[in-house]
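As a plain string of letters, each chain reads:
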Amino acid sequence: MKAHLNVFLCTLFIASTANLLAPSAAMAEWTGGVEASSVIKGDAKGTRLRFKTVNNERPLYQELYADWIRPDTGGSDYEAGYKPKFWFSERTYAFGEGSLSTSKAAQIDQQQKLFAGLGIQLLNTNMTSLFMEVGAGQTTTKFDNTFLGTENKTIISSNIARMGAQQVLSDFIKLEIDGDYATSDESEQTTAEAGLSLRIPGGSVKYSYRIIKLEIGNNEPVETTDSSVSFSYEF
């Protein structure tokens, strides 16, 4: 736990120091946008509204986001996060992630995630991009008191591996593929997602299909799927 927190805090310290030492980066313009998405088919139907702002300068990249989630089951959930990335070279970087969220459907009063790691940009052209990341961190979850009684808090440390690719097929169509693997002492989770974006006036529309496979202990794996449609003010 302490090791993961130290890595995350070191990443933030490096990013903050770089920001102070590079006035041009500190004064760089932030850009923002809004994304609305809806899960139209699957095990977790609902609507999400994301407000995002990004500073895409190097060596320090920063992203802030805030989500409002409306599950079909009713109620409202929220999530806010910060994702800094410090580039050591043209291709390699250190990343950090911190988020805070709620989920009434899962009876979660508060969930805090802290992760950090290293990444490499294998391809980066106007048409194609490909990256890979590895990292570690922890998830602290505080459940509703009615769910676990007095034992209503869990702390799980895990390792993660990710890859992502984008291919611009034309001036109007883009293909995106992402894969995540997370493992801890208690579980393994694999996520695969494919998305197709279509440029339209004012932004883009994206259709995504996702598969999540979860294995807990010696139990049989549980697989869930969903399809979603989103509108974004970017392509």
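Residues numbered from 1 in each chain as written. Predicted model: local features only at pLDDT ≥ 70, side-chain atom pairs only at ≥ 80, totals over all residues. Heavy atoms only, no water.

**Quick word on the overall build of the protein**
So, point 1. Secondary structure assignment for the protein yields three helices and twelve strands.
So, point 2. In the protein, which comprises 235 residues, the share counted as buried stands at 34%.
So, point 3. Contacts in the protein between residues at least 24 apart in sequence constitute 43% of all its contacts with a sequence separation of at least 6.
So, point 4. For the protein, the accessible area works out to roughly 14100 Å², and carbon and sulfur atoms hold 58% of it. (Helix = DSSP H or I, 4+ residues; strand = E, 2+ residues; numbered from the N terminus. Buried < 20%, exposed > 50% of the residue type's maximum accessible area, 1.4 Å probe, protein only. Contact = heavy atoms within 4.5 Å. Areas by Shrake-Rupley, 256 points an atom, 1.4 Å probe, with all protein chains shown as cover.)

**So, the sheet that holds strand β7 (residues 128-143)**
Think of a sheet as strands paired side by side through backbone hydrogen bonds, with each pair either parallel or antiparallel.
So, point 1. If you walk around this closed barrel you meet the twelve strands as β1-β2-β3-β4-β5-β6-β7-β8-β9-β10-β11-β12, and the pairing is antiparallel. In this sheet, neighbouring strand axes are inclined to one another by 20° on average, regardless of whether the strands run parallel or antiparallel.
So, point 2. For strand β6 (residues 108-124) and β7, the ladder comprises 15 bridges, and the chain directions are antiparallel. Its bridge partner lying in β7, I120 is registered against M132. (Pairing = 2+ DSSP bridges. Axes fitted to C-alpha atoms, helices over the stretch in contact; angles between N-to-C directions.)

**As for the environment of L175**
So, point 1. Inspection of the secondary structure assignment puts L175 in strand β9 (residues 173-184).
So, point 2. Residue classification places L175 among the partly exposed positions, given a relative accessible area of 32%.
So, point 3. Excluding residues that lie within four positions of it along the chain, L175 makes contacts with A165, Q166, Q167, L169, G195 and L196.

**Examining a nonpolar patch on the surface**
So, point 1. A cluster of nonpolar residues, I120, L122, L123, M132, M163, L169, F172, I173, L175, I177, L196 and L198, forms a patch on the protein surface that exposes about 980 Å² of accessible area.
So, point 2. Broken down by secondary-structure element, the contributors of at least two residues to the nonpolar patch are β6, β9 and β10 (187-200).
So, point 3. Within the element layout of this structure, M132 appears in strand β7.
So, point 4. For M132, a relative accessible area of 44% corresponds to the partly exposed category. (Patch = residues over 30% accessible without salt bridge, like charges linked within 9 Å, V, L, I, M, F, W, Y side chains within 5 Å. Salt bridge = Lys/Arg side-chain N within 4 Å of Asp/Glu carboxyl O.)

**Notes on the packing of aromatic side chains**
So, point 1. According to the stated counting rule, one finds two aromatic pairs in the structure shown.
So, point 2. Taking the centre distance of 4.7 Å and the plane angle of 55° together, the rings of W87 and Y93 count as tilted. An identical accessibility class is assigned to W87 and Y93; each is buried.
So, point 3. One cation-aromatic arrangement involves K85 over Y61; the distance from NZ or CZ to the ring centre is 5.2 Å.
So, point 4. For the cation-ring pair, K85 lies above Y93, with the distance from its terminal atom to the ring centre recorded as 4.6 Å. (Phe/Tyr/Trp six-rings, centres within 6.5 Å; stacked < 30°, edge-to-face > 60°. Lys NZ or Arg CZ within 6 Å of the ring centre and 35° of its normal.)

**Digging into the side chain of E133**
So, point 1. Among the secondary structure elements, E133 is positioned in strand β7.
So, point 2. For E133, a relative accessible area of 9% corresponds to the buried category.
So, point 3. Here the side chain of E133 touches Y93 through a polar contact of 2.7 Å, side chain to side chain.
So, point 4. Ignoring sequence-local partners within four residues, the contact set of E133 consists of Y93, F95, L118, G119, I160, A161 and R162. (Polar contact = N/O pair within 3.5 Å; in protein donor to acceptor, adjacent residues only side chain to side chain.)

**Some thoughts on the pattern of salt bridges**
So, point 1. Under the definition given, this model contains six salt bridges.
So, point 2. Where K206 meets E176, a salt bridge forms, and the shortest distance between an N and an O atom there is 3.3 Å. One end of the pair, K206, is in strand β11 (residues 203-216); the other, E176, is in strand β9, with 30 residues separating them in the sequence.
So, point 3. Relative accessible area serves as the criterion here: at 12%, E176 is assigned to the buried category.
So, point 4. Close ionic contact of R210 with D226 constitutes a salt bridge, the shortest N to O distance being 2.8 Å. Here D226 lies in strand β12 (residues 222-232) and R210 lies in strand β11, a separation of 16 residues in the sequence.
So, point 5. Here D226 falls in the buried class, since its relative accessible area comes to 8%.
So, point 6. Several salt bridges converge on common partners, so that one network encompasses R48, R50 and D67.

**A word on the confidence of the model for the protein**
So, point 1. Predicted confidence across the protein gives a mean pLDDT of 86, with 83% of residues reaching 70 or more.
So, point 2. Averaged pLDDT values over the elements of the protein bottom out at 43 in helix α1 (residues 2-21) and peak at 97 in β9.
So, point 3. Within the model, pLDDT remains below 50 along residues 1-26, and this stretch shows 31 contacts once partners closer than five positions in the same chain are excluded. (pLDDT = per-residue confidence, 0-100.)

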